[in-house]
Amino acid sequence: MSDNHHKVIIIGSGPAGFTAALYNARANLKPVIFEGMQPGGQLTITTEVENYPGFEHGIQGPELMEIMRKQAHRFGATSLYKEITEVDFSQRPFKLKSYDEEYTADAVIVSTGASAKLLGLENEKKYMGYGVSACATCDGFFFKNQKVLVVGGGDTAMEEANYLTTHASEVTIVHRREGFRASNIMLERAKKNPKIKFLLNKTIKDVIGVENNGIKKMTGVILEDTKDDSTSEYLTDGLFIGIGHQPNTKIFKGWLDMDDHGYLKVKPGSTYTNIEGVFAAGDVADSKYRQAVTAAGTGCMAALDAERWLEAQE
């Protein structure tokens, strides 16, 4: 076999990929992690992580990912800072391409994650983690007794808003029209919550904030009225983007079974996909929880599934 052949290739990093790599490395499978366009995954764009077990006082997202990476490397895993652009799962060993370079693997673990859909505003990324968030469960705690906005009109926005009321003093849902895509039960739950208000026929034009001595803090948004195009400044402590997530599964279309939203389907109680020898872990196969700890858990499952499957093949 060529130098580009590996027993296990892990596509994507983050808690799922690094945990899978750790387990497979300790089983002497010498896994290779293709870390892709965002090494370390979504946690590298967050600041304080307080709900990952083992870190009593919290830890910065990028630091947590670096610790996980080093732990996997310590046992023999290797990271390649390349993107897998094409796969061929028609026969084993599986073929994977990173642009013009080809790799083969006996087993593949897909942990490409999901990306939060963002508004595409100029300052949105600038203040991400500094008042702007795409995960209420992750960051709601930092907004105790504060006033926050949630943008969106679907179930994601309603769910985020309801959760945030356990921390924030006031939650305002901003939506571009009067009708909602959210299911009736989720919408009614939000409407009945005394802490939730609605700001309709408005879109968020930009995020505003301050920066002193390198310390950034979002202070509000610029709203645009969808009826008369007028704009106004709206002061708020936080902005939660609740317009959904997009699983990073484009290159697997036609190969791996997906649900209507593009999340990979796995056999119940396992990480097996519809193709023998290909496993899925983390947010790429989880539209419900999307937490670092659940991603790490399924990364462990995928590694064990892959290890046992490889043993069975031999």
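Heads up: the structure comes first, above all this text.
Residues numbered from 1 in each chain as written. Predicted model: local features only at pLDDT ≥ 70, side-chain atom pairs only at ≥ 80, totals over all residues. Heavy atoms only, no water.

Enquirer: Any chance you could explain unusual backbone geometry here in plain terms?
Expert: A negative phi angle characterises most non-glycine residues, just as the trans form characterises most peptide bonds. A cis amide bond, omega -5°, links Arg-92 with the succeeding residue Pro-93. Along the chain, Pro-93 falls in the loop between strand E6 (86–88) and strand E7 (94–98). One non-glycine residue, Asp-229, adopts positive backbone phi at about 65°. If you trace the backbone, Asp-229 turns up in the loop between strand E15 (215–225) and strand E16 (231–235). In this model, Arg-290 sits at a positive phi of 50°, which is unusual for a non-glycine residue. (Helix = DSSP H or I, 4+ residues; strand = E, 2+ residues; numbered from the N terminus.)

Enquirer: How should the state of the cysteines be read in this particular structure?
Expert: One covalent bond between the sulfur atoms of two cysteine residues makes up a disulfide. In the structure shown here, the tally under the stated rule is one disulfide. Here Cys-135 is linked by a disulfide to Cys-138, with a sulfur-sulfur distance of 2.1 Å. When the S-S torsion is 70°, as for the bridge of Cys-135 with Cys-138, the disulfide is right-handed. (Disulfide = S-S within 2.5 Å.)

Enquirer: I tried to follow the sheet that holds E16 on my own but got confused; where do I start?
Expert: Hydrogen bonding along the main chain pairs the strands of a sheet, whether they run parallel or antiparallel. The three strands are arranged E14-E15-E16 in an open sheet whose pairing can be described as antiparallel. At either end of the open sheet lies a strand with only one pairing partner, and these are strand E14 (202–212) and E16. Sheet twist, expressed as the mean angle between neighbouring strand axes with direction ignored, is 30°. Relative to E15, E14 runs antiparallel, the two sharing ten bridges. (Pairing = 2+ DSSP bridges. Axes fitted to C-alpha atoms, helices over the stretch in contact; angles between N-to-C directions.)

Enquirer: Explanation requested: the pairing of strand E17 (residues 238–241) in the structure shown.
Expert: Each regular strand carries side chains that alternate between the two faces of the sheet. In E17, alternate side chains face the same way, and those of Gly-238 and Phe-240 on one face and Leu-239 and Ile-241 on the other are all buried. Alignment of strand E11 (residues 147–151) against E17, held across four bridges, turns out to be parallel. Bridge pairing links Leu-149 to Leu-239 in E17. (Buried < 20%, exposed > 50% of the residue type's maximum accessible area, 1.4 Å probe, protein only.)

Enquirer: Explain the nonpolar core to me, please; I cannot follow it from the model alone.
Expert: Side chains that are nonpolar tend, in soluble globular proteins, to be buried together. In terms of nonpolar packing, the biggest core is built from 32 residues, with Val-8, Ile-10, Tyr-52, Leu-64, Ile-109 and Phe-279 touching the most fellow members. For this core, the secondary structure elements donating two or more residues are strand E1 (5–11), helix H1 (14–26), helix H2 (61–74), strand E8 (101–110) and helix H6 (292–313). Listed in part, the 21 residues of the second largest apolar core include Ile-9, Phe-94, Tyr-103 and Val-108. (Core = buried A, V, L, I, M, F, W, Y, C linked by side-chain atoms within 4.5 Å.)

Enquirer: Please clarify how helix H4 (residues 155–164) should be interpreted in this entry.
Expert: Owing to its 3.6 residues per turn, the α-helix aligns residues three or four sequence positions apart on the same side. Taken residue by residue, H4 has Ala-157, Met-158, Glu-160, Ala-161, Asn-162 and Leu-164 as its buried positions. In the core, the buried residues of H4 are packed alongside helix H3 (136–139), E11, strand E12 (170–175), helix H5 (184–192), strand E13 (196–200) and E17. (Contact = heavy atoms within 4.5 Å.)

Enquirer: What should I look at first to understand the packing of aromatic side chains in this one?
Expert: The geometry of an aromatic ring pair comes down to the distance between the two centres and the angle between the two planes. Going through the model one piece at a time under the given rule, you end up with ten aromatic pairs. Here Phe-180 and Phe-198 contribute two aromatic rings whose centre-to-centre distance is 5.7 Å and whose plane-to-plane angle is 75°, an arrangement assigned as edge-to-face. One end of the pair, Phe-180, is in the loop between E12 and H5; the other, Phe-198, is in strand E13, and 18 residues separate them in sequence. Pairing Tyr-272 with Phe-279 gives two aromatic rings, centres 4.9 Å apart and planes at 75°, and the pair type is edge-to-face. Every member of this aromatic cluster is reached through a ring pair, and the members are Phe-89, Phe-94, Phe-252 and Trp-255. Just above the ring of Phe-75 sits the side chain of Arg-26; from NZ or CZ to the centre is 5.3 Å. (Phe/Tyr/Trp six-rings, centres within 6.5 Å; stacked < 30°, edge-to-face > 60°. Lys NZ or Arg CZ within 6 Å of the ring centre and 35° of its normal.)

Enquirer: Would you explain the packing of H1 against H2 in this entry?
Expert: A packed helix pair is summarised by two numbers, namely the angle formed by the two axes and the spacing between the axes. Close contact between H1 and H2 brings their axes to 8 Å; oriented N to C, the two are set at 20°. With respect to H2, the element H1 is oriented roughly parallel. In this structure, H1 meets H2 at a crossing whose hand is left-handed. Here Gly-14, Pro-15, Phe-18, Ala-21, Leu-22 and Ala-25 of H1 come into contact with H2, specifically with Met-65, Met-68, Arg-69, Gln-71 and Ala-72. Classifying every residue of the contact of H1 with H2 by side-chain character gives eight nonpolar, two polar and one charged. (Parallel < 35°, antiparallel > 145°, perpendicular 65-115°, else oblique. Left-handed = near helix turned anticlockwise from the far one by under 90°. Nonpolar A, V, L, I, M, F, W, Y, C, P; charged D, E, K, R; others polar.)

Enquirer: Could you clarify how one ought to interpret the pattern of salt bridges in this entry?
Expert: Pairing is possible between side chains that carry opposite charge, provided their charged atoms lie close to one another. Counted by the stated rule, this structure contains nine salt bridges. The partner of Glu-35 in a salt bridge is Arg-69, with the nearest N and O atoms 2.8 Å apart. Here Glu-35, found in the loop between strand E2 (32–34) and strand E3 (48–49), pairs with Arg-69, found in helix H2; they are 34 residues apart in sequence, far enough to count as distant. Residue classification places Glu-35 among the buried positions, given a relative accessible area of 2%. Connected through salt bridges with shared partners, the residues Glu-35, Glu-66 and Arg-69 form a single ionic network. (Salt bridge = Lys/Arg side-chain N within 4 Å of Asp/Glu carboxyl O.)

Enquirer: Where do I start with the sheet that holds E12 in this structure?
Expert: As summarised here, the arrangement of the five strands in space is E10-E17-E11-E12-E13, forming an open sheet in which the pairing is parallel. Strands at the two margins of the open sheet, each flanked by one partner only, are strand E10 (132–133) and E13. Pairing of E10 with E17 involves two bridges; the strand directions are parallel. Counted as the bridge partner of Val-132 is Leu-239 from E17. On top of the sheet, H4 reaches E11, E12, E13 and E17; it is set at about 165° to E11, its chief contact.

Enquirer: So what exactly am I meant to see when it comes to the side chain of Asp-286 here?
Expert: Position of Asp-286 relative to the elements: it lies in the loop between strand E19 (278–280) and H6. Of the side chains with opposite charge, Arg-290 lies nearest to the buried Asp-286, which makes no salt bridge, at 6.7 Å. (Lys, Arg positive; Asp, Glu negative; His and termini not counted.)

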